[in-house]
Amino acid sequence: QGDSALQEQAGAALAAMTEFRASCIPFIKGGAIPPLVNLLKVASAETHVHVCYALSNLAQRSVEGQTTIAKAGAARRGATWPGVRAGHAARHTHA
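What counts as what
Residues numbered from 1 in each chain as written. Predicted model: local features only at pLDDT ≥ 70, side-chain atom pairs only at ≥ 80, totals over all residues. Heavy atoms only, no water. Helix = DSSP H or I, 4+ residues; strand = E, 2+ residues; numbered from the N terminus. Buried < 20%, exposed > 50% of the residue type's maximum accessible area, 1.4 Å probe, protein only. Contact = heavy atoms within 4.5 Å. Axes fitted to C-alpha atoms, helices over the stretch in contact; angles between N-to-C directions. Parallel < 35°, antiparallel > 145°, perpendicular 65-115°, else oblique. Left-handed = near helix turned anticlockwise from the far one by under 90°. Nonpolar A, V, L, I, M, F, W, Y, C, P; charged D, E, K, R; others polar.

(A) The arrangement of the environment of Glu64 in detail. Position of Glu64 among the secondary structure elements: in helix α5 (residues 63–72). Overall, Glu64 belongs to the partly exposed group, its relative accessible area being 35%. Spatially, the C-alpha atoms of Glu64 and Lys29 are 8.9 Å apart, while their sequence positions differ by 35 residues. Beyond its immediate sequence surroundings of up to four residues, Glu64 is in contact with Ile28 and Lys29.

As structure tokens, then:
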């Protein structure tokens, strides 16, 4: 479980770091996906937005990411990519 503010900050950082294809593979190979999916069980709504955005990035940039996300059970957790992307963009604009 943990501190919700820390989870949100970590989720936001991962969402930002996974925006680039080259940065996704180390996250996928390093085992970051299952803990992200687990956050969908316990985290706040705002953290869900960040986590789903990061998972969306990982899925879009790698078939291995897609497979790992599916195996970790993200679809069973109710992750909805399109709505989350729109929500994330509305909350986080990059200058």
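(B) Layout of the packing of helix α1 (residues 4–17) against helix α4 (residues 45–61). Between α1 and α4, whose axes approach to 8 Å, the crossing angle comes to 25 degrees. In this view, α1 runs roughly parallel relative to α4, as classed from their interaxial angle. At the point where α1 passes α4, the crossing takes the left-handed sense. Side by side, α1 and α4 meet where Ser4, Gln7, Glu8, Gly11, Ala12, Leu14 and Ala15 of the first sit next to Glu46, Thr47, His50, Tyr53, Ala54 and Asn57 of the second. Here the contact of α1 with α4 is built from residues that sort into five nonpolar, six polar and two charged.

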